[in-house]
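Here is how the chains run, residue by residue.
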Amino acid sequence: MCSSDLGAVYLANHQVAVETVLAALVIGGMTEAVPVLVAKAEHRDSWVGALTRLFAERPGFRDPGLMELVDREDPSAVLALRRGLAGQLRAGRSVFVHVEGTRATRAGRPVGVMSSVFLDLAMEVDAEVVPVRFTGGLPLDGDARREFPVGYGAQEYRFGRPIAAAELRALRFDARSERVLGAINGLGGPIELEAPAPAAAAFEARVAACRAAGVPEPQAVVRCALEELVDPSPEGRAVVAEVVAESVSSGEPAAA
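Heads up: these notes are all about the structure in this document. Predicted model, so just to flag it, every value in this text is computed and none were measured.

Considering the overall build of the protein chain
Okay, step 1: Across its full length, the protein chain holds 9 helices and 6 strands.
Okay, step 2: On C-alpha atoms alone, the protein chain measures out to a radius of gyration of 19 Å, which is about the 18 Å that the 2.2 N^0.38 rule sets for 256 residues.
Okay, step 3: Across its three principal directions, the C-alpha atoms of the protein chain cover 65 × 45 × 35 Å.
Okay, step 4: Counting all 256 residues of the protein chain, 42% fall into the buried class.
Okay, step 5: In the form shown here, the protein chain has an accessible surface area of approximately 13200 Å², with 55% of it arising from carbon and sulfur atoms.
Okay, step 6: For the protein chain, the distance from the average site of its 26 positive side-chain charges to the average site of its 34 negative ones is 3 Å.

Some details on the nonpolar core
Okay, step 1: Core analysis: the largest hydrophobic core is formed by 30 residues, its most contacted members being Val 9, Leu 11, Val 38, Leu 85, Phe 118, Val 129 and Val 180.
Okay, step 2: Sorting the residues of this core by element identifies β1 (9–12), β2 (36–40), α3 (75–90), β4 (95–98), α4 (117–125), α5 (165–169) and α6 (173–185) as the ones contributing at least two each.
Okay, step 3: In terms of residue count, α4 provides more of this core than any other element does, 6 residues in total.
Okay, step 4: If we skip the residues at most four places from it in the chain, Val 180 touches Leu 11, Met 114, Leu 119, Val 129, Ile 163 and Leu 168.
Okay, step 5: The next biggest cluster of nonpolar side chains, apart from the first, holds 17 residues, and it includes Tyr 10, Leu 37, Met 67 and Phe 96.

Considering the environment of Ala 127
Okay, step 1: Of note, Ala 127 is situated in the loop between α4 and β5 (129–135).
Okay, step 2: Spatially, the C-alpha atom of Ala 127 lies 6.1 Å from that of Leu 6, the residues being 121 residues apart in sequence.
Okay, step 3: For Ala 127, the residues in contact, after removing those within four places along its chain, are Leu 6, Gly 7, Val 9, Leu 89, Ala 122 and Ala 165.

How each quantity is defined
- Residues numbered from 1 in each chain as written.
- Predicted model: local features only at pLDDT ≥ 70, side-chain atom pairs only at ≥ 80, totals over all residues.
- Heavy atoms only, no water.
- Helix = DSSP H or I, 4+ residues; strand = E, 2+ residues; numbered from the N terminus.
- Rg over C-alpha atoms; globule rule 2.2 N^0.38 Å.
- Buried < 20%, exposed > 50% of the residue type's maximum accessible area, 1.4 Å probe, protein only.
- Areas by Shrake-Rupley, 256 points an atom, 1.4 Å probe, with all protein chains shown as cover.
- Lys, Arg positive; Asp, Glu negative; His and termini not counted.
- Charge placed at Lys NZ, Arg CZ, Asp CG, Glu CD.
- Core = buried A, V, L, I, M, F, W, Y, C linked by side-chain atoms within 4.5 Å.
- Contact = heavy atoms within 4.5 Å.

Set out below in structure tokens:
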């Protein structure tokens, strides 16, 4: 994806919570190195944070340090993070950042704000910047931040052409952010025509049934996704069997 032996700085919009971890898996699959995910400190107590901790606790698994949590209001914490990320980039590991820092609530809104911190980081180590845009995960109207795409439809992940650090250095300070924001917003066609992906009605109904029985949405989605696997691994089958057994013991009917 990138021409340099250094890691790259992936800068993206933000639609739903789950896309962050999934993007890491996609980038890891394409580059053979899972990126560092820069996230708000609040994720220490979120289901996304809990999921990454479970990944790290898997027997025989080497924890890659997937998520770096930072208080963006604390300048000293941001500077310390930047120093650590510079070392990761020089070692060949990429960095993934949602540039606005929080999720949008509706489709058709361009990314309008971006800190210069991560552009400065890319220029410091001569790393390429890769624009990323997520589309299809949000409704046309609404004000709720979502964990998963509306209707559990299939989001599209779009990766743009890498922007060289030398190109950014040649621009005025304000033009650097404009260049990257334009690259992000320009992926996937006109923003004003963006629409949610078609709903996965059957999957949505199954998740709703789990939630009606008292299962939180993240656990319900993971359970239903695992149950849909066509050829699960022995480990995957064991996880589903355990989840279903726990559901039955707690009074929830087993899935048909």
